[in-house]
Amino acid sequence: MRSERKTKQASAKPDQGGHFGIFGGRFVPETLMKALDELTRAYLSLKHNSKFQKELAYYLSNYAGRPTPLYEAQNLSRALGRDLRIFLKREDLCHTGAHKINNAVGQGLLARYLGKKRVIAETGAGQHGVAAATAARLFNLSCDVYMGAEDIRRQALNVYKMSLLGARVIPVDSGSKTLKDATNEAIRDWVTNVETTHYLLGSVVGPHPYPMLVRDFQAVIGRETKVQIKKLTRSLPDFLIACVGGGSNAIGLFYPFLNEKVKLIGIEAAGKGIQTGEHAASLRKGTIGVLHGMKSFVLQDKNGQIQLAHSISAGLDYPSVGPEHAFLKETGRVRYESATDQDALLGFHLLTLLEGIMPALEPAHALGYLAKRAKNFPRGSKIVICLSGRGDKDLDVIRSAKLK
Ligand SMILES: *Cc1c(COP(=O)(O)O)cnc(C)c1O
């Protein structure tokens, strides 16, 4: 009874101010409040505009490659035993190699409907920057991408891709010269250019309406999964598992199942170990704070200084997490666990050798977690894992990493 009430609440979020319980909201300069209000209003009306939705569906299917398959990984299932049935939601087969294109296409189209001529984006590893630059070409928008100088050095291939796509990559030299600092600069740009520019944010983070808007664009993952798993097994799955960086692929998979009797597990990056301080497990180890315009769990010291996150996968390397995940943790609807760099490498090699699929290191955390914990799952469980992206981008890291 009680848990039913909780799940009902979960689906009605956020409230008008963008709150998921005590999380979320808007912590931004006054100049952005009007822009965020406008964006919220415009988005909520387009959400029910059949022309917009038809166009979005067209680009998702003909440009981004949806629906993505739901593939039953029988070799992996056999190897892990216990008669598990493991299904992979193949976001790795999307255009540009990950789920990020779902959101980039959605917001690119939104920018066009808003009459904006320019988009800006923040990027860490460069994956969202490439997706945003791609969507900008599709919708004829100019595109500037903020990226930390340190990340530019580490991610040369994605920087080159963005330049081929005609985007301008703007180096950020402040702070740790990584994603957190790039996000600050993107927000600053938006404050100045809000009349002409749409801020194409990359995950379910930031001030309202972004956590809601990005979730809605990614929920196509869960909606498709629901139809596909019913067709394949005539029932719903027992478990959904997804990796959590900012949290967009995870909430995209989970959202359509929040009111169902399905167990949901989010996997954070435990880096070198959750006790070492070198990790990105903001839900498990962070404390409540404000970052990038939202209230959520944040990796910070006692003075509120943001700590550096660490993970072998750049896409999980963020010192906070979307406010809806913070809320789902507090209500207990989703269980948040973690997997180390080593677990991720194990997951990568397992899937590559057993199924001939090279996953990105982000979803490899979910695979490694399952491989290590398979004995804790009830016999015969049906498990869907969100394979959020493909591994090509990570091969240099994998080549030089040692699997212990
Ligand atoms: C960026 C990225 C992630 C992490 O972002 P979320 O918003 O947590 O989904 C996960 N997987 C891949 C492949 C990514 O590129």
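Located above this text is the structure these notes cover.
Rules and cut-offs
- Residues numbered from 1 in each chain as written.
- Predicted model: local features only at pLDDT ≥ 70, side-chain atom pairs only at ≥ 80, totals over all residues.
- Heavy atoms only, no water.
- Helix = DSSP H or I, 4+ residues; strand = E, 2+ residues; numbered from the N terminus.
- Rg over C-alpha atoms; globule rule 2.2 N^0.38 Å.
- Buried < 20%, exposed > 50% of the residue type's maximum accessible area, 1.4 Å probe, protein only.
- Contact = heavy atoms within 4.5 Å.
- Areas by Shrake-Rupley, 256 points an atom, 1.4 Å probe, with all protein chains shown as cover.
- Lys, Arg positive; Asp, Glu negative; His and termini not counted.
- Charge placed at Lys NZ, Arg CZ, Asp CG, Glu CD.
- Near = heavy atom within 4 Å.
- Polar contact = N/O pair within 3.5 Å; in protein donor to acceptor, adjacent residues only side chain to side chain.
- Nonpolar A, V, L, I, M, F, W, Y, C, P; charged D, E, K, R; others polar.
- Axes fitted to C-alpha atoms, helices over the stretch in contact; angles between N-to-C directions.
- Parallel < 35°, antiparallel > 145°, perpendicular 65-115°, else oblique.
- Pairing = 2+ DSSP bridges.

What to know about the overall build of the protein chain
Then, number 1: When you go through the protein chain residue by residue, the secondary structure sums to 17 helices and 14 strands.
Then, number 2: Relative to the globule expectation of 22 Å for 404 residues, the C-alpha radius of gyration of the protein chain, 20 Å, shows essentially globular dimensions.
Then, number 3: Across the 404 residues in the protein chain, those meeting the buried criterion constitute 60%.
Then, number 4: Across the protein chain, contacts joining residues at least 24 apart in sequence account for 73% of those joining residues at least 6 apart.
Then, number 5: As displayed, the protein chain offers around 16,800 Å² of accessible surface, 51% of which is attributable to carbon and sulfur atoms.
Then, number 6: Side-chain charges in the protein chain split into 56 positive and 37 negative, and the spacing between the mean points of these groups amounts to 5 Å.

Quick word on the site of the ligand
Then, number 1: If you check the shell around the ligand, you find 16 residues, and the closest are Lys 100, Ser 203, Gly 247, Ser 248 and Ser 388.
Then, number 2: In this structure, Ser 203 approaches the ligand through a side-chain N or O atom, which is 2.6 Å from an oxygen atom.
Then, number 3: Contacts to the ligand include Gly 245, whose backbone N or O atom sits 2.8 Å from an oxygen atom.
Then, number 4: Residue classes in the shell around the ligand are distributed as 4 nonpolar, 10 polar and 2 charged.

Some points on the packing of helix H6 (residues 127-138) against helix H8 (residues 156-164)
Then, number 1: Put simply, H6 and H8 touch, their axes get as near as 9 Å, and they point 10 degrees apart. As judged from the angle between their axes, H6 and H8 are roughly parallel. Two secondary-structure elements touch here, H6 through Gln 127, Gly 129, Val 130 and Ala 133 and H8 through Asn 158, Lys 161 and Met 162.
Then, number 2: Class assignment of the residues belonging to the contact of H6 with H8 gives a composition of 3 nonpolar, 3 polar and 1 charged.

Quick word on the sheet that holds strand S13 (residues 334-340)
Then, number 1: Pairing is mixed across the open sheet formed by 6 strands, whose spatial order is S3-S4-S14-S9-S10-S13. A strand with exactly one partner marks an edge of an open sheet, and here the two such strands are strand S3 (70-72) and S13. Between one strand axis and the next, the sheet turns by 25 degrees as a mean value, whatever way the strands run.
Then, number 2: In this structure, strand S10 (residues 263-271) lies alongside S13, joined through 7 bridges in parallel fashion. Directly across from Leu 264, in S13, lies its bridge partner Val 334.
Then, number 3: Packed onto the sheet, helix H15 (residues 341-355) meets S3, strand S4 (85-90), S10, S13 and strand S14 (382-387) and runs at close to 90 degrees relative to S13.

Thoughts on the pairing of strand S12 (residues 294-298)
Then, number 1: For S12, the buried fraction is high: 4 of the 5 residues fall into the buried class.
Then, number 2: Examined bridge by bridge, strand S11 (residues 287-291) and S12 share 5 bridges and lie antiparallel to one another. If you follow Ile 288 over to S12, its bridge partner there is Phe 297.
Then, number 3: What sits between the antiparallel neighbours S11 and S12 is a turn of 2 residues, in which His 292 has the positive phi angle 50 degrees.

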